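Listed below are the residues making up each chain.
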Amino acid sequence: MSFIQLENITKVFAGGEKPAVDHLQLNINKGEIITLLGPSGCGKTTTLRMIAGFENPTNGTIQIGDNEVFSDAHSLPPEKRGIGMVFQDYALFPHMTIIKNVMFGLNKWGAREKRKRAKEVLELVGLEDYGSRYPTQLSGGQQQRVALARALAPKPNVVLMDEPFSNLDAGLREKMRFDVTNILRKTNTTAIIVTHDQKDAFAVSDRVVVMKDGLIQQIAAPKEMYRCPKNCFVAQFVGKTNLLTGTMDTDLRNIHTHIGKVTLPNEWQERLDTVKLSIRPEGCSLSDEGAYCGQVERVTYSGEYQELHVRLHNEPELSEEPMLIYAPVEKDVEIGTIVSFDIKPELVALVE
Ligand code: ATP
């Protein structure tokens with residue numbers, strides 16, 4: 001049985017026209033790191049708050065470990081749910097030293113155990129020498145590690161993190177994604193992270209839950225979600241893509257589109273008529289004798305690759321979007337260049 005179970009969780013706020021969270025169904029395993037990902041207002045914070053006990057669902061049940069923490073019949077208060085919280089702004093107490101901040105959540109522990117445990121978790125996050133400092137004397141990344149140490153100190157069932165990386169600049173953000181997952185893995189801690197940033201979600205999670213308008217759109221491991229997005233929204237939310245309409249061949253594998261025939265990675269299970277395809281730009285590789293050929297309309301240099309907008313020769317009119325493809329940086333391409341490319345089936349997905 002899963003360690004955390006959210007069964008049919010719905011939340012309708014007073015005066016709200018639509019549910020903020022709509023029949024959400026999610027099972028999480030012990031030690032799993034899950035990210036709730038979606039645009040502003042999709043219901044991810046409300047979901048986190050309901051798990052924490054700061055907000056009651058309108059319907060549904062929540063089970064954490066052996067405890068049913070919410071049902072129609074009862075709601076366990078936040079402090080009894082065995083939850084560690086890491087807030088977006090870390091919420092450290094500025095007038096307390098780091099060690100006192102960490103000991104704060106251990107008020108039921110004896111004085112000696114409290115200090116021992118605080119030292120242990122500070123060592124875990126690599127800040128054993130910083131116990132006597134104050135939060136303002138630490139960098140953003142260090143403050144975040146203190147917040148995580150404080151959340152882990154009481155040995156919670158689950159750590160909930162609300163936009164944990166959003167206050168960090170790009171370089172530090174990358175390091176903290178790595179550090180935080182390392183610490184969570186070392187302690188086999190189950191974690192639920194809320195973010196609107198796809199890169200954060202992919203870098204830290206075992207599985208990502210994409211939400212929109214209170215509804216789960218897809219639950220999948222990052223690689224699977226990128227390669228096989230379930231619908232157009234997911235395809236576009238987790239990266240750049242080309243969305244094309246086409247008709248399925250009787251072989252259930254080839255799709256006829258305005259750029260020509262595009263092949264799916266596998267035979268589809270049933271015959272569909274009109275379908276929508278997502279083709280990742282990385283799936284289009286320049287090749288001298290490629291199956292597709294067109295003229296470059298726009299080049300954007302990113303440093304790691306060049307984004308090319310290519311207008312295919314066989315397009316009947318300009319109503320279709322040009323294809324977005326990535327070219328290696330060493331390739332000399334400019335507006336007007338004629339390029340040909342192939343499409344890797346592995347990065348083609350049927351999304352509708
Ligand atoms: P963000 O990334 O902007 O924090 P989110 O995905 O976390 O967005 P939520 O904060 O969960 O979204 O909000 C989901 C919906 O519920 C929104 O339409 C929001 O306006 C509404 N909502 C959230 N809290 C309340 C509240 N206390 N009262 C009424 N409506 C609320």
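Residues numbered from 1 in each chain as written. Predicted model: local features only at pLDDT ≥ 70, side-chain atom pairs only at ≥ 80, totals over all residues.

Undergrad: Which residues make up the overall build of the protein chain, and what values go with them?
TA: Per the secondary structure count, the protein chain includes eight helices and 20 strands. Dimensions of the protein chain along its principal axes, counting C-alpha atoms only, are 75 × 50 × 35 Å. Going through the 352 residues of the protein chain one by one, you find that 37% of them count as buried. (Helix = DSSP H or I, 4+ residues; strand = E, 2+ residues; numbered from the N terminus. Buried ≥ 20, exposed ≤ 12 C-beta atoms within 10 Å, placed from the backbone.)

Undergrad: With reference to specific residues and values, describe the domain arrangement of the protein chain.
TA: Here the protein chain is described as being made up of domain 1 (4–232) and domain 2 (243–350). Relative placement of domain 1 and domain 2: their C-alpha centres are 39 Å apart. Listed as interface residues are four residues of domain 1 and, on the opposing side, six residues of domain 2. The residue makeup of the side of domain 1 that touches domain 2, split by class, is three nonpolar, no polar and one charged. (Domains from an automatic or database assignment. Contact = placed C-beta atoms within 7 Å. Nonpolar A, V, L, I, M, F, W, Y, C, P; charged D, E, K, R; others polar.)

Undergrad: So what's going on with the nonpolar core? Which residues, and what values?
TA: Counting 88 residues, the largest nonpolar core has Val 102, Leu 148, Ala 149, Val 159, Ile 192 and Val 209 as its most contacted members. Residue contributions to this core reach at least three from each of two domains, namely domain 1 (4–232) and domain 2 (243–350). Among all residues touching Ala 149, those that are not within four sequence positions of it are Val 102, Val 121, Leu 122, Leu 124, Val 125 and Leu 127. (Core = buried A, V, L, I, M, F, W, Y, C linked by C-beta atoms within 7 Å.)

Undergrad: Summarise the sheet that holds strand 14 (residues 274–279); cite the residues concerned and give the values.
TA: Pairing in this open sheet of five strands is antiparallel, and the strands run 13-12-11-14-20 from one edge to the other. Each edge of the open sheet is held by one strand with a lone partner, namely strand 13 (260–263) and strand 20 (348–350). Sheet twist, expressed as the average angle between the axes of neighbouring strands with direction ignored, equals 45°. Bridging between strand 14 and strand 20 involves three bridges; their strand directions are antiparallel. For Ile 279, the partnering residue across the bridge sits in strand 20 and is Val 348. (Pairing = 2+ DSSP bridges. Axes fitted to C-alpha atoms, helices over the stretch in contact; angles between N-to-C directions.)

Undergrad: So what's going on with the sheet that holds strand 16 (residues 292–301)? Which residues, and what values?
TA: As summarised here, the arrangement of the five strands in space is 15-19-16-17-18, forming an open sheet in which the pairing is antiparallel. This sheet does not close on itself; its edge strands, each paired only once, are strand 15 (284–286) and strand 18 (323–327). Adjacent strand axes in the sheet meet at a mean angle of 50°, parallel and antiparallel pairs treated alike. Judged from the seven bridges that link them, strand 16 and strand 17 (residues 306–312) form a sheet pairing that is antiparallel. In the sheet register, Val 296 faces strand 17, and the bridge partner there is Val 310.

Undergrad: Before we move on, can you summarise the UniProt feature "domain: ABC transporter" (unreviewed entry) in the protein chain with the specific residues and values?
TA: Sequence positions flagged by UniProt for "domain: ABC transporter" (unreviewed entry) are, in local numbering, residues 4–238. Measuring from the first to the last C-alpha atom of residues 4–238 gives 25 Å, for a span that is 33% helix and 25% strand. (UniProt positions renumbered as here; feature names shortened; annotations may be inferred.)

Undergrad: Any chance you could break down the environment of Gln 5 for me, citing the residues and the numbers?
TA: Residue position: Gln 5 is located in strand 1 (residues 4–11). Classification of Gln 5 by C-beta neighbours within 10 Å gives partly exposed; the count is 15. Taking the C-alpha atoms as reference, Gln 5 lies 35 Å from Glu 128; in sequence the two are 123 residues apart. Dropping the residues within four chain positions of it, Gln 5 is found in contact with Asn 27 and Gln 63.

Undergrad: I'd love a proper account of the packing of helix 4 (residues 140–152) against helix 5 (residues 170–186), names of residues and values included.
TA: Interaxial distance between helix 4 and helix 5 falls to 11 Å at its minimum, and their mutual angle equals 20°. In terms of orientation, helix 4 lies roughly parallel with respect to helix 5. Once helix 4 is placed against helix 5, the crossing between them reads as right-handed. Taken together, the residues of helix 5 that come into contact with helix 4 (itself represented by Gly 140, Gly 141, Gln 144, Arg 145 and Leu 148) are Leu 172, Lys 175, Met 176, Asp 179, Val 180 and Ile 183. Of the residues belonging to the contact of helix 4 with helix 5, the class tally is five nonpolar, three polar and three charged. (Parallel < 35°, antiparallel > 145°, perpendicular 65-115°, else oblique. Left-handed = near helix turned anticlockwise from the far one by under 90°.)

Undergrad: Give a description of the pairing of strand 9 (residues 207–212) that names residues and reports values.
TA: Relative to strand 9, strand 3 (residues 33–37) runs parallel, the two sharing four bridges. Each bridged residue has a counterpart across the sheet, and for Ile 34 the counterpart in strand 9 is Arg 207. Between strand 9 and the antiparallel strand that follows it, strand 10 (residues 215–220), lie two residues; Asp 213 among them carries a positive phi value of about 50°.

Undergrad: Break down unusual backbone geometry for me, with residues and values.
TA: Of all residues except glycine, most have a negative phi; of all peptide bonds, most are trans. With a phi close to 50°, Ala 91 is a non-glycine residue in the positive phi region. Within the element layout of this structure, Ala 91 appears in the loop between strand 6 (83–86) and helix 2 (98–103). Residue classification places Ala 91 among the partly exposed residues on the basis of 14 C-beta atoms within 10 Å. At Lys 155, a residue that is not glycine, the phi angle is positive and equals roughly 55°. Overall, the presence of 12 C-beta atoms within 10 Å leaves Lys 155 in the exposed class.

Undergrad: Can you break down the pairing of strand 11 (residues 242–248) residue by residue, with the values?
TA: Pairing analysis gives six bridges linking strand 11 to strand 14, with the strands arranged antiparallel. The partner of Leu 243 across the bridge, within strand 14, is Ser 278. In this structure, strand 11 lies alongside strand 12 (residues 254–257), joined through three bridges in antiparallel fashion. Residue pairing for strand 12: Gly 246 is matched across the bridge by Thr 257.

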